[in-house]
Amino acid sequence: MNRTTTKFSLVLIAGILALTTACSSKQGSGAKGAEGAAAASAPANHPNRITIGMTNPPLMFNPIDTDASGSNAAIFVNRYLFDTLMKMTNPLEFKLQLAESFEQKDPKTYVVKLRQDANWSDGKPVTSQDFEFTANLVANPKTLTTIRNYISFLEGLNEKGRLPEGVTKLSGIKVIDDKTFELVTANPVDPNLVKERLCDFPIIPKHVFENADPAALNSQAFWKNPNVTNGPYTFNKFENGIVQLAANKNYYRGAPKIEEVVVKVMPAANMVAQLQSQEIDMNAGQGPGNIPPKEWETIKGMSHIQTTEEPTRRYNSIEINTTKIADKRVRQAMAYAINREAIVNQLMKGIGELENGPYAPSHPYYDKDILKYSYDPEKAKQLLKEAGWDSNKTLEFIVPTGDAVREMSGNIIQQNLEAVGIKVKQVNFDFATAVQRAVKGDFDLLISSFSSIIDPDGSSNIYKSSAALNDMRYNNPRIDELFALGMKETDKDKRFAIYKELQNIIQEDVPLITIYSEKNLIALNKAIDGKGGTIYGMHYDVNKWSIR
């Protein structure tokens, strides 16, 4: 399960952009070509289509509630349909998309001008009012959304990041004209934080949704057939595990050269075979479409495939329902009981690393001296004894299907926990059911994955008591306070001290057990002239991709 801080996400999210995945055989044929180093040529029957493989299905295409939509699977498809103001194409390197200009007027004010030629696919212009409407909808306390933290820097939100009762509009957005608006932050913040958040903030058409009930947004038929979009591709249909997209001929940045994008849902094991047979041209990467590590050498040996390995800020973890397992000593015992090293070494085949706490070792705010839980079964037994753990109690352990490494790690985790006296019943659900159980809090233990943006506040969408992705029901007032302080602080050293304290408290409380982070493994047919990686900016210029 993958989310972006963006949730089962919890990716991408991010996020950032964590750009994640979605869309037999004859329908999905991709660019075929000669064996050998020379680039392949497209098949005569499908000379202008790219087919992408992914393992988890999107449920619908609501970019405001990624959980209900199927998390990263829907996020990946939505990046073809809905443009944002800008995209991050390299770490903290931003390129404008819907925005024609983005200027800082003073420490708290940013002026945004939209491109004059940016239109919705029904011909209506993309306007400042569309952005304002979307932001107010996301801030509305009645709206079910996983992206409220993307606008948490704006003036006019209460301590929970929502509009105060009785207020319908954010004071932090001021429309100047149809193509110009200002953003006002509650406090001076790092401009990169604002830009990074906006890279993943979608804009939906006001003229389609202005009469919709925020409390019933997910019931809108539009999300099953999003036929008014502003991205390089338009939605065709989603049937039998296949998403079909068509080039937006009137796209404001130039009509795409490839006429069709097909995203095809399949088991991870099938992805390797279909890359070899060229039934698919690419995998979507980032969790719902990553290549199983044990198959990576096979993929690298395919002469018609180019491969890319990208480091990520995505980590796999075990969420713990803290309302059901309230004693942190029990949660700490679980952390000591799990042989994380075995999971990384045996299952990841070296394409991953241990994760400790909410930030990856490569994150600029990672505390290298953070509390680490080594494999120590005796320490685990001691803590369980101190906590008075009932060894007759059985915990339900949800392991979503679709990711071979995740499923195998679930078996190891179950064996490790039972070895120290914690009875575990492992249950496997499809991705959609697992997400539903997580959101309802209907679980004891649950394997999931999260990803965060470069700014350390990205993890607030997981660990704050009011966070959209806080399925663990974790509630520590000091953590909420530290996130608030971190958002207001602009001095880097003082900010680091805040997040150092924060990540160590989280690691001690163990609302979830971080297991490992993995590399993003991307395979792309050499016939495709495009970007192989998906972490930074793959979707930024998909309109320029072509088939040789």
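Every value quoted in this text rests on a predicted model; they were computed, and no experiment measured them.

S.K.: Where do I start with the overall build of the chain in this structure?
M.R.: Broken down by element type, the chain carries 15 helices and 22 strands. The C-alpha radius of gyration of the chain comes to 23 Å, within 12% of the 24 Å expected for a compact globule of 548 residues. Summarising its shape, the C-alpha atoms of the chain cover approximately 65 × 60 × 40 Å along the three principal directions. For the chain, the proportion of its 548 residues judged to be buried stands at 61%. Only carbon and sulfur atoms are counted for the fraction: they give 47% of the accessible area of the chain, which is about 19500 Å².

S.K.: Any chance you could explain the nonpolar core here in plain terms?
M.R.: A general trend in soluble globular proteins is that nonpolar side chains are found buried together. Among the nonpolar cores identified, the biggest contains 80 residues, and L85, F131 and L183 are the most heavily contacted of them. In this structure, L85 is in contact with L96, Q97, L98, A99, V112, L114, F131, F181, L198 and I203, ignoring residues within four places of it in sequence. Formed by 35 residues, the second largest nonpolar core is a distinct cluster that contains M334, A380, L383 and I413.

S.K.: What's the story with the packing of aromatic side chains in this structure? I'm lost.
M.R.: Remark: the centre distance and the inter-plane angle together describe each pair of aromatic rings, the angle taken between the planes. Considering all chains together, one arrives at 15 aromatic pairs under this definition. Between F209 and W223 the ring centres are 4.8 Å apart and the planes differ by 15 degrees, which places this aromatic pair in the stacked class. One end of the pair, F209, is in helix α5 (residues 206-209); the other, W223, is in the loop between α5 and β9 (233-239), and 14 residues separate them in sequence. Residue F209 shares its accessibility class with W223, and that shared class is buried. A ring pair is formed by Y365 and Y499, whose centres lie 5.7 Å apart and whose planes are at 80 degrees; its orientation type is edge-to-face. Note that Y365 is positioned in the loop between β15 (352-354) and α10 (377-387) and Y499 in helix α15 (residues 492-509), a separation of 134 residues in sequence. The burial state of Y365 is the same as that of Y499; both residues are buried. An aromatic cluster is built from Y365, F483, F496 and Y499, whose rings are joined through pairwise contacts. Lying across the ring of Y540, R253 places its NZ or CZ 4.2 Å from the centre.

S.K.: Help me out: how do you make sense of the pattern of salt bridges in this one?
M.R.: Close approach of charged atoms allows side chains of opposite charge to pair. Under the defined criterion, the tally for this structure stands at 22 salt bridges. One salt bridge connects R329 with D327, and the closest N-O pair in it is separated by 2.9 Å. Residue R329 is classed as partly exposed on the basis of its relative accessible area of 32%. Among the residues examined, D327 registers a relative accessible area of 24% and is labelled partly exposed. Here R478 ties to E501 by a salt bridge, and the two come within 2.9 Å at their closest N and O atoms. Within this pair, whereas R478 is found in helix α14 (residues 477-488), its partner E501 is found in helix α15, the two being separated by 23 residues in sequence. For E501, a relative accessible area of 33% corresponds to the partly exposed category. Linked through salt bridges whose partners overlap, the residues forming this network are E297, K300, E309 and K519.

S.K.: Quick question: what am I supposed to make of the pairing of strand β4 (residues 93-96) here?
M.R.: Successive side chains on a regular strand alternate, one facing one side of the sheet and the next facing the other. Where strand β3 (residues 86-90) lies against β4, four bridges are found, and the strand directions are antiparallel. Paired with M88 across the two strands is F94, which belongs to β4. Connecting the antiparallel pair β3 and β4 is a turn made up of two residues, with L92 showing a positive phi of about 60 degrees.

S.K.: Can you walk me through the sheet that holds strand β5 (residues 99-106) in this structure?
M.R.: Two pairing modes exist for strands in a sheet, parallel and antiparallel, and in both the strands are linked by backbone hydrogen bonds. Read across the open sheet, the four strands follow the order β5-β6-β8-β7; overall the sheet is antiparallel. Unpaired on one side and paired on the other, β5 and β7 (173-177) mark the two borders of the sheet. For this sheet the average axis-to-axis angle between neighbouring strands, irrespective of direction, equals 20 degrees. In the packing of helix α3 (residues 128-139) onto the sheet, contacts are made with β6 (109-114), β7 and β8 (180-184), and the angle to β7 comes to roughly 165 degrees.

S.K.: Got a minute to help me understand the confidence of the model for the chain in this structure?
M.R.: As a note on interpretation, predicted positions should not be read in detail where pLDDT is low. Overall, the predicted model of the chain reaches an average pLDDT of 86, with 91% of residues at or above 70. Between residues 2-45, whose pLDDT stays under 50, and residues either more than four places distant or in other chains, the model counts 250 contacts.

S.K.: It is not clear to me how unusual backbone geometry should be interpreted in this structure. Could you clarify?
M.R.: With glycine set apart, most residues show a phi of negative sign, and most peptide bonds adopt trans. One non-glycine residue with positive phi stands out, namely N240, at about 50 degrees. Structurally, the position occupied by N240 is in the loop between β9 and β10 (242-247).

S.K.: Quick question: what am I supposed to make of the environment of D130 here?
M.R.: Structurally, the position occupied by D130 is in helix α3. The class for D130 is buried, based on a relative accessible area of 3%. Every residue in contact with D130, bar those within four places of it in the chain, is listed here: W120, P125, I203, I204, P205, K206 and H207. There is a polar contact of 2.9 Å between the side chain of D130 and the side chain of W120.

S.K.: Teacher, can you tell me more about the environment of P477 here?
M.R.: Positionally, P477 belongs in helix α14. Judged by its relative accessible area of 61%, P477 falls in the exposed class.

S.K.: Mind showing me how you'd approach helix α2 (residues 72-81) here?
M.R.: Working note: α-helix, 3.6 residues per turn, so residues spaced by three or four point in the same direction. Most of α2 is tucked away: ten of the ten residues are buried. Residues of α2 that are buried: N72, A73, A74, I75, F76, V77, N78, R79, Y80 and L81.

S.K.: What exactly am I supposed to notice about the pairing of strand β14 (residues 314-320) here?
M.R.: Counting buried positions along β14 gives seven out of seven residues, so the element sits mostly inside the fold. Side chains R314, N316, I318 and I320 of β14 all project onto a buried face; the interleaved residues Y315, S317 and E319 project onto the opposite face, where all are buried too. Relative to strand β18 (residues 445-451), β14 is paired through seven bridges, and the arrangement is antiparallel. By the bridge assignment for β18, S317 is matched with S448. Relative to strand β19 (residues 512-518), β14 runs antiparallel, the two being bridged by five bridges. Within β19, the position partnered with S317 by the bridge is T514.

The rules behind each value
- Residues numbered from 1 in each chain as written.
- Predicted model: local features only at pLDDT ≥ 70, side-chain atom pairs only at ≥ 80, totals over all residues.
- Heavy atoms only, no water.
- Helix = DSSP H or I, 4+ residues; strand = E, 2+ residues; numbered from the N terminus.
- Rg over C-alpha atoms; globule rule 2.2 N^0.38 Å.
- Buried < 20%, exposed > 50% of the residue type's maximum accessible area, 1.4 Å probe, protein only.
- Areas by Shrake-Rupley, 256 points an atom, 1.4 Å probe, with all protein chains shown as cover.
- Core = buried A, V, L, I, M, F, W, Y, C linked by side-chain atoms within 4.5 Å.
- Contact = heavy atoms within 4.5 Å.
- Phe/Tyr/Trp six-rings, centres within 6.5 Å; stacked < 30°, edge-to-face > 60°.
- Lys NZ or Arg CZ within 6 Å of the ring centre and 35° of its normal.
- Salt bridge = Lys/Arg side-chain N within 4 Å of Asp/Glu carboxyl O.
- Pairing = 2+ DSSP bridges.
- Axes fitted to C-alpha atoms, helices over the stretch in contact; angles between N-to-C directions.
- pLDDT = per-residue confidence, 0-100.
- Polar contact = N/O pair within 3.5 Å; in protein donor to acceptor, adjacent residues only side chain to side chain.

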